[in-house]
Amino acid sequence: MTLAAAEPDVLVVGAGFAGLCMAIKLKEAGQDNFVVLEKADRVGGTWRENTYPGCGCDVMSLMYSFSFAPNRKWTRMYARQPEILDYIERVVRDYDLSPHIRFGAEVISYDFDETTDRWRVETRAGSVFHPRIVVAGPGPLHKPSVPAFSGREPFRGTAFHSAEWDYSVDLTGKRVAVVGTGASAVQFVPEVAKTAARVDVFQRTPHWILPKLDRPITAGEKAAFKAVPGLQKAYRHAIYWSHESLIAGFLHPRLMTVLESAARGLLRRQVHDPELRAALTPGYTIGCKRILVSSNFYPALQRENVDLVTSGISEITERGIRTEDGQVHEADVLVYGTGFAVGDRFENEHLVGRRGLTIQRAWRDGMEAYLGVAVTGFPNFFLMMGPNSGGGNQSIVFVIEAQAHYITRCLALMTKRGATRIEVRAGAQREFNRVIHRKLEGTVWNSGGCDSWYLDETGRNRAAWPGSSASYWRRLRTPDDRHFELSSLAERENDTEYRGPGVLTSGDLTVGVEVFLNGHLEPLDGLYHWYGRVAGDGVDAAKQRSRTPLFLTIGDGPEVPAALAERDPWGHYRIAGAGTPPFPLAAVEVEVPVSGAELASAE
Ligand code: NAP
């Protein structure tokens, strides 16, 4: 393939914390030939999308920045959304990332081309890129989830999700119904309650809440951070290690009593009505659902104009919400604080790896990756914030930095080996997941007695890393090359199993062709997959008969079913099949799974 001069070597998707961190780490590693595609017209990711009233971060500001780009401008202990967005935009300027970012570039398809070891990435606007490497930065909390209550459509008022706040609707004097009491709702309910006539808050499950020790960062503190070298860093380290110490409770839920008593203390201090307090007291171990941090949610619920509704929602009517006790709660505006579709991260994406493997097929039994960054079957493709890479106790920015570092080390490994392809071995991914899921069994997320977005519909934990964030960071310092298949196009051309004449048949059509084929046994499905290129005068005609089965025969060999894909830039068609190959097999190499001991433990 002749690549356009402007073809990027690395393509990063998303200009939020993850994509931008990746961009900075690439620059640091001396890689300047990369592009960041951003679907919107502004950087910021989740901090651009979530603008609801009161939106901010429940991780302390000093921990919520890149370690290499401390923010001297934080004004509060817990930063609000505009400040965080401002920080992200400043990072873009400071690291001169703008020339690399393409806005309005929503990716609609990713296809791996085995004949070139490059991806073909297409955007909705019709641009096509052929990068060597793809890094997918969109996080798991990305697609708003709105429950399918019966009757949602006929609601006559305005309805929106908290991540798509509709500021054209003035809530002053309105009756507002809020569904959900999660991390977003505890932030916007107190703000909405200040001006709305009524706010009905629909709680399905109470959440544990810890006090938010928020306050402005004083002028004295700011001056000290500026004057004393290392002070801000030391402060950050202190926050990091205090958060880190909490992991013991997540791994051994019986140790959660200390945190639980802090949460009960907040309830006792802020909610005096025993009935309301009982309704707000969770029946599961703290940490099972993400722990919320707020000092103004309970007071807001006790305002005259606010009601906590605990009866389940049975339907949305034209005028509001009908609950299971038969009551209709009339509303002018309905706000869904109902979270994100975590399990559906790639549900509708066209992401096709080796030999036509779709991400939906690869993840048919649930999302699974290796260290949250690589997925077998998808060479030269890296995820950020992938399955089982997050903790419940630490800033996600820390995780993102560790992953961006790891990905640059994987790229360095490719360069060192002269490889054009890197792919995590199926055995390594399988064993990694066996180890972490065994460790997850006793954790608070799995055994704390709640339902949460950490668990998929089968109850398997697809989100959490079962260890400290320091242990995750350590695992991501250096890639273990035994867990990756590294190869180059040139090597694989030499490995060609068959090159020579063949015959394509499709119904009454018989075409003499030249083929160039190789293949291997695929541990994912246990079948031999063969593939390569085919050229000949009648191939166009065979390709057009898309409904008639196609077969390839070589010499006296068997007639085997085959599929033709698109034409390559030289006019050859890609051809592939699975099962008995059309050429004799010399020997088939079967992958030896990596042992659990080699993978060490997740901790
Ligand atoms: P969330 O924490 O997942 O909360 C969703 C809420 O909607 C829950 O109360 C849930 O009840 C309720 N809900 C969902 N489906 C429902 C249904 N069918 N009927 C009734 N109630 C339903 O969502 P979120 O508040 O948008 O936060 C999502 C994640 O974003 C957080 O966990 C956090 O990681 C992140 N976030 C972070 C910050 C931050 O400050 N760093 C701020 C906001 C969000 P159940 O509990 O019963 O499921």
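Per an unreviewed UniProt entry, the protein chain carries the name Flavin-containing monooxygenase and comes from Rhodococcus opacus.

Draft legend 1. Spotlight on the state of the cysteines. Evaluated as defined, the whole model comprises 1 disulfide. Take Cys55: it sits in no disulfide, and the sulfur closest to it among the cysteines is that of Cys57, at 8.8 Å. Residue class for Cys55 comes out buried when judged on its relative accessible area of 4%. Not engaged in a disulfide, the cysteine Cys410 finds its nearest cysteine sulfur in Cys21; these two sulfurs lie 15 Å apart.

Draft legend 2. View of the environment of Ile24. With respect to the helices and strands, Ile24 occurs in helix H1 (residues 17-28). Judged by relative accessible area, Ile24 falls into the buried class, the value being 2%. Along the chain, Ile24 and Ala404 lie 380 residues apart, while their C-alpha atoms are 8.8 Å from each other. Beyond its immediate sequence surroundings of up to four residues, Ile24 is in contact with Phe66, Phe68, Val91, Tyr95 and Leu97.

Draft legend 3. View of the pairing of strand S2 (residues 34-37). Of the two faces of S2, the one holding Phe34 and Val36 and the one holding Val35 and Leu37 are both buried throughout. As paired strands, strand S1 (residues 10-13) and S2 are joined by 4 bridges and run parallel to one another. Within S2, the residue paired with Val12 across the bridge is Val36. The β-α-β motif built from S1, the intervening H1 and the parallel element S2 has right-handed crossover chirality. The pairing of S2 with strand S3 (residues 101-102) spans 2 bridges and is parallel. By the bridge assignment, Val36 is partnered in S3 with Ile101.

Draft legend 4. Fine view of unusual backbone geometry. Even without being glycine, Asn380 reaches a positive phi, approximately 55 degrees. Tracing the backbone shows Asn380 in the loop between helix H11 (359-362) and strand S19 (381-383). At Asn388, a residue that is not glycine, the phi angle is positive and equals roughly 55 degrees.

Draft legend 5. Inspection of the packing of aromatic side chains at higher detail. Summed over the entire model, instances satisfying the criterion amount to 27 aromatic pairs. For the ring pair Trp119 and Phe381, a centre distance of 5.3 Å and an interplane angle of 50 degrees mean the geometry is tilted. Linking Trp119 in strand S5 (residues 118-123) with Phe381 in strand S19, this pair joins segments that are 262 residues apart in sequence. Taking relative accessible area as the criterion, Trp119 reaches 0% and is therefore assigned buried. Arranged with centres 6.3 Å apart and planes meeting at 20 degrees, the rings of Phe432 and Trp465 form a pair that is stacked. Of this pair, Phe432 sits in helix H13 (residues 426-440) while Trp465 sits in the loop between helix H14 (444-447) and helix H15 (469-475), and the two are 33 residues apart along the sequence. Aromatic ring contacts, followed pair by pair, group Phe17, Trp47, Tyr64, Phe66, Phe68, Trp74, Tyr87 and Tyr95 into a single cluster. Across from the ring centre of Phe516, 5.0 Å away, lies the NZ or CZ of Arg533, which sits over that ring.

Draft legend 6. Local environment of the sheet that holds S3. Spatially, the 5 strands line up as an open sheet ordered S3-S2-S1-S7-S19, and their pairing is parallel. Edge strands, defined here as strands with exactly one partner in the open sheet, are S3 and S19. In this structure, S1 lies alongside strand S7 (residues 133-136), joined through 4 bridges in parallel fashion. Counted as the bridge partner of Val12 is Val135 from S7. Against the sheet, helix H12 (residues 396-417) touches S1, S7 and S19, its axis set at about 165 degrees to S19.

Parameters at a glance
- Residues numbered from 1 in each chain as written.
- Predicted model: local features only at pLDDT ≥ 70, side-chain atom pairs only at ≥ 80, totals over all residues.
- Heavy atoms only, no water.
- Disulfide = S-S within 2.5 Å.
- Buried < 20%, exposed > 50% of the residue type's maximum accessible area, 1.4 Å probe, protein only.
- Helix = DSSP H or I, 4+ residues; strand = E, 2+ residues; numbered from the N terminus.
- Contact = heavy atoms within 4.5 Å.
- Pairing = 2+ DSSP bridges.
- Right-handed = clockwise from strand over helix to strand, strands pointing away.
- Phe/Tyr/Trp six-rings, centres within 6.5 Å; stacked < 30°, edge-to-face > 60°.
- Lys NZ or Arg CZ within 6 Å of the ring centre and 35° of its normal.
- Axes fitted to C-alpha atoms, helices over the stretch in contact; angles between N-to-C directions.

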